[in-house]
Amino acid sequence: APSVRTVLVTGGAGFIGSAVCRHLIGAGDTRVINLDKLTYAASPEALAAVQESPRYRFVAGDIADRALVSRILAEERVDAIMHLAAESHVDRSIDGPAVFVETNITGTFHLLEAALDHWRTLTGRAKTTFRFHHVSTDEVFGDLPFDDSRFDEATPYNPSSPYSASKAASDHLVRAWHHTFGLPVVLSNCSNNYGPHQHAEKLIPLTITRAAAGETVPVYGTGANVRDWLYVEDHARALDLVVRRGAIGECYVVGGRAEHSNLAVVTMICDLLDDVRPKPGLRRRDLIRFVTDRPGHDRRYAIDPSRIERELGWRADTKFADGLAATIEWYLAHQPSIGLTERRGVA
Ligand code: NAD
């Protein structure tokens, strides 16, 4: 009979982690143990589709709880760890960086130690197939000028924000646990994700929920900052390929070949909403307000995904316009936080 592998997903109740859980349970040959602390960012409702699966188990807990992680790894005979748990919002990292250091750096350190202890107890095939996959961001590379340069696997690290610095630190720890202790790791650095179930503080959901309700839409600076957008389900598929087939010790940059300025994205959302949910007398573009720029705001991110396309046969399938329309449709149907005014948040 085909063997079922067991994957420990950390942060599986978050935006991307929940898409990974849904993808892995859908894949059929995988048991998923989801370890998540359920911070403000978690969306447990994004797991409704997998909750009933006999191959799915949720554990509420912190990645820094080494005893808990060690127990899970041993009892569940975990074959791979996909590490997504993190504090992920740049604006919050500027207002309160401490928790970013705790979870993203110290938390990753404890998880690596537990993983190394576990890996050392394995023998035979289990030892050679075990993987620790660190899911990271392209923000570790800093920013690019407005030209046709792009990040790839050889781009040097140059993080700007407390968030990206903490992710750069955890990338370095993961590589060190490979080079120094032999832990079989893979890394991936992805561009901005969008799609259903993203927390309303991020650019696309914030714009959809505010513009849908006829509220003003904040845009940092002049809106010229460029991001390279990837639909979250395309990312989940990429992550599954990287953890299964990625070369040990290597990194893959992941992106959707979909660069757009923040202003272009916000304008597209306003126009799409005018089409699908018109409000008499309102042209939603008129809701756009330019607000004081985020300190240290990176100008441009762009990914050259040639390596993962060539070596792992991955492609971003979802066109930006289609993914955006699907995302808008989802938020209109669920509208988790229309009227959220707490933050100025721009991804
Ligand atoms: P998210 O903020 O939506 O979810 C993070 C999840 O981690 C939440 O469910 C939270 O409860 C959990 N968590 C936080 N601290 C924890 C801890 N100490 N122990 C256990 N669980 C904890 O984040 P996301 O957008 O889904 O991002 C997931 C990962 O992907 C992160 O590592 C992030 O750096 C990376 N990433 C995100 C993007 C993006 O565009 N969102 C792009 C590239 C990489």
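Rules of the game
- Residues numbered from 1 in each chain as written.
- Predicted model: local features only at pLDDT ≥ 70, side-chain atom pairs only at ≥ 80, totals over all residues.
- UniProt positions renumbered as here; feature names shortened; annotations may be inferred.
- Helix = DSSP H or I, 4+ residues; strand = E, 2+ residues; numbered from the N terminus.
- Buried ≥ 20, exposed ≤ 12 C-beta atoms within 10 Å, placed from the backbone.
- Expected span 1.5 Å × (residues − 1).
- Arc of directions from axis to C-beta.
- Contact = placed C-beta atoms within 7 Å.
- Core = buried A, V, L, I, M, F, W, Y, C linked by C-beta atoms within 7 Å.
- Domains from an automatic or database assignment.

By the naming in an unreviewed UniProt entry, the protein chain goes by dTDP-glucose 4,6-dehydratase and is assigned to Sphingomonas hylomeconis. As recorded by UniProt, the Sequence similarities (unreviewed entry) comment attached to the protein chain reads in full: "Belongs to the NAD(P)-dependent epimerase/dehydratase family. dTDP-glucose dehydratase subfamily."

Peer 1: Just give me the short version of unusual backbone geometry, but keep the residues and values in it.
Peer 2: The phi angle at Arg-77 is positive, at roughly 50 degrees, despite the residue not being glycine. Considering the arrangement of structural elements, one finds Arg-77 in the loop between helix 2 (66-75) and strand 4 (80-83). For His-197, which is not glycine, the phi torsion reads 75 degrees and is therefore positive. Position of His-197 among the secondary structure elements: in the loop between strand 7 (193-194) and helix 7 (203-212). What makes His-197 buried here is the crowd of 22 C-beta atoms within 10 Å.

Peer 1: Mind laying out helix 9 (residues 262-276), listing which residues take part and the relevant values?
Peer 2: Counted at 1.5 Å a residue, the expected span for helix 9 with its 15 residues is 21 Å, and the 21 Å between its end C-alpha atoms agrees. For helix 9, the set of buried residues is Asn-262, Val-265, Val-266, Ile-269, Cys-270 and Leu-273. One face of helix 9 carries all of its buried residues, which in axial projection span an arc of 135 degrees. Those residues of helix 9 that are buried lie in contact with helix 7, strand 8 (217-220), strand 9 (226-228), strand 12 (259-261), strand 13 (288-291) and helix 11 (320-334).

Peer 1: How would you summarise the nonpolar core if you had to cite specific residues and measurements?
Peer 2: Among the nonpolar cores identified, the biggest contains 92 residues, and Leu-8, Val-20, Met-82 and Ile-269 are the most heavily contacted of them. Per element, the largest residue contribution to this core is seven residues, and it comes from helix 1 (residues 15-27). Taken domain by domain, this core gets at least three of its residues from each of domain 1 (5-195 + 229-254) and domain 2 (203-226 + 259-301 + 318-334). Aside from chain neighbours lying at most four places away, what touches Val-20 is Val-9, Gly-12, Met-82, Leu-84, Ala-236 and Leu-239.

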